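# Summary of the model geometry
If you want the building blocks of each chain, they are given just below.
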Amino acid sequence: MAPPSSIVFFVLCALSSSSLSYGQKISKPPDSSTEDVANRLFVKRIFNAEITAQNSATNVVMSPAGIYFAASMADQLINLRLYKYWSAVTSSFDIVAFQKECEERQPQIYSRSAVAGANWSARVPSDFSMSNFRVFETVDVPEIEKFTEVNLDELTGALNAAVHALKFTGSWRVPFEKSRQVTFSDGRQYSFMEAFVLHASWYQSKNLKMITIPFESDENVGGDDIVIDFIVSKGESNYVNLAHHWYWADHSETHSKTIISIPKVKINFMTSLDLFRNKKIKSVQKVAMEWDEKGASGEAVTMIMSRDARRPSFFVIDRPFYFVIRIGKMWLFAGYVAKIDENIN
């Protein structure tokens, strides 16, 4: 998969949605890019299932790019077997080109990755080279955290791991300098932030409406702007099938004089990913996303790991106990603890 000609920042979140129903049927794009195929697969296999699993009452945010990147590392560098439908994506995803695209857009976009563990590190081709990528012989969590600059508590105890960290920070091109009282679908009134946009890109149908807002961009960086799409259902159901996003983007039109009112958002979400036939290989993604009057920021960490199949044994001291410090049979200290010191515990 070549680097996208346009980096689109999807609002992949469901804000307290209710019942699900599918809208209009739209055929597949006539010339489907690998990105289009990957996005539809993500919606079908992961995103829709997450919203359903959360009973449409929990805010959800995920990073499709993070999944594509981490899964492609597992496929191309470590030779892990994914489900066949994911292999069709990961076999053609160019992780080096994507990494280069991210670096050209620094500091707005940050991307780092690593492979760790005795087994998986040995599988990475010796001639493979990519910036902001490192191979660790062991799953040394503090060292990998230091390199990726993200928290990786979930890797504790892993034998092998593949990690991708993606960060984004952007300022609105048109700032939200005003506010408006808005009654949300839950019946409560909130103070939303508001902006006046002279020229805004819209898509509307009988089922939904979408508006696209650009972020500030570096004039020295080529390619299209980084944008965010806000998509809202117009029907009785709050559900929107994002698999048709390509159509809405292609058929958007410019409207003049638009007042945009949106809520401030702060979401933290973590979920397991079902990517591999081998159930000993676990995949997890955790994402933090927020935006306010100034702009938006997000962080996604996608982790693939293998663990020892044996369950750990637990030794928990929950009653008075004895202890002995010794050299062989020579006891240096011996003691008995009858109560816990609250000042240090």
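All of the points below concern the structure found in this document. Just so it is clear, the structure is predicted and the values come from calculations on it, not from any experiment.

### Side note on the overall build of the chain
Of the regular secondary structure elements, the chain holds seven helices and 14 strands. Within the chain, the proportion of its 345 residues that are buried is 44%. Sequence separation of 24 or more characterises 65% of the internal contacts of the chain that already satisfy a separation of 6 or more. Accessible surface, the chain: about 19900 Å² in total, of which carbon and sulfur atoms supply 51%.

### Things to note about unusual backbone geometry
Cis rather than trans, the peptide bond between glutamine 106 and proline 107 has omega equal to 5 degrees. Turning to its location among the elements, proline 107 is positioned in the loop between helix 4 (95-104) and strand 2 (109-116).

### A short note on the pairing of strand 6 (residues 189-204)
With six bridges connecting them, strand 5 (residues 178-183) and strand 6 associate as antiparallel partners. Opposite valine 182, over in strand 6, you have tyrosine 190 as the bridge partner. Between strand 5 and strand 6, which pair antiparallel in sequence order, lie five residues; one of them, glycine 187, sits at a positive phi of approximately 90 degrees. The pairing of strand 6 with strand 9 (residues 253-262) spans nine bridges and is classified as antiparallel. Of the residues in strand 9, the one forming a bridge with glutamate 194 is serine 261. Looking at chain direction, strand 6 and strand 7 (residues 208-214) are connected through four bridges and run antiparallel. Counted as the bridge partner of serine 201 is threonine 212 from strand 7. The loop that links strand 6 with its antiparallel partner strand 7 comprises three residues.

### Overview of helix 2 (residues 64-76)
For helix 2, spanning 13 residues, the distance from its first C-alpha to its last is 18 Å, which sits close to the expected 18 Å at 1.5 Å a residue. The element helix 2 is extensively covered by neighbouring structure, given that 11 of its 13 residues are classed as buried. Residues of helix 2 that are buried: Pro64, Gly66, Ile67, Tyr68, Phe69, Ala70, Ala71, Ser72, Met73, Ala74 and Asp75.

### As for the packing of helix 2 against helix 4
The geometry of helix 2 relative to helix 4 is characterised by a closest axis approach of 10 Å and an angle of 140 degrees between their N-to-C directions. Between helix 2 and helix 4, the angle falls in the class oblique. In this structure, helix 2 meets helix 4 at a crossing whose hand is left-handed. Touching Ala65, Phe69, Ser72, Met73 and Gln76 of helix 2 are Ile95, Phe98 and Gln99, all from helix 4. Each residue belonging to the contact of helix 2 with helix 4 can be placed in one class, and the counts come to five nonpolar, three polar and no charged.

### Quick notes on the sheet that holds strand 12 (residues 295-307)
Taken in spatial order, the six strands line up as 3-2-4-12-11-10 in an open sheet, and their pairing is mixed. Taken across any chain shown, the strands that pair with only one partner, and hence form the sheet edges, are strand 3 (133-136) and strand 10 (265-273). Averaged over neighbouring strand pairs, the angle between their axes works out to 10 degrees when direction is ignored. Note that strand 11 (residues 281-291) and strand 12 share 11 bridges and pair antiparallel. Its bridge partner being in strand 12, glutamine 285 is matched across the sheet by threonine 302.

### Re the packing of aromatic side chains
Tallied over the full model, the rule gives 17 aromatic pairs. Residues tryptophan 172 and phenylalanine 215 carry aromatic rings whose centres are separated by 5.0 Å and whose planes lie at 15 degrees to one another, so their mutual orientation is stacked. Taken together, the positions of tryptophan 172 in the loop between strand 4 (158-171) and strand 5 and phenylalanine 215 in the loop between strand 7 and strand 8 (227-233) put the pair 43 residues apart, joining distant regions of the chain. Pairing phenylalanine 184 with tyrosine 190 gives two aromatic rings, centres 6.4 Å apart and planes at 85 degrees, and the pair type is edge-to-face.

Calculation rules
Residues numbered from 1 in each chain as written. Predicted model: local features only at pLDDT ≥ 70, side-chain atom pairs only at ≥ 80, totals over all residues. Heavy atoms only, no water. Helix = DSSP H or I, 4+ residues; strand = E, 2+ residues; numbered from the N terminus. Buried < 20%, exposed > 50% of the residue type's maximum accessible area, 1.4 Å probe, protein only. Contact = heavy atoms within 4.5 Å. Areas by Shrake-Rupley, 256 points an atom, 1.4 Å probe, with all protein chains shown as cover. Pairing = 2+ DSSP bridges. Expected span 1.5 Å × (residues − 1). Axes fitted to C-alpha atoms, helices over the stretch in contact; angles between N-to-C directions. Parallel < 35°, antiparallel > 145°, perpendicular 65-115°, else oblique. Left-handed = near helix turned anticlockwise from the far one by under 90°. Nonpolar A, V, L, I, M, F, W, Y, C, P; charged D, E, K, R; others polar. Phe/Tyr/Trp six-rings, centres within 6.5 Å; stacked < 30°, edge-to-face > 60°.

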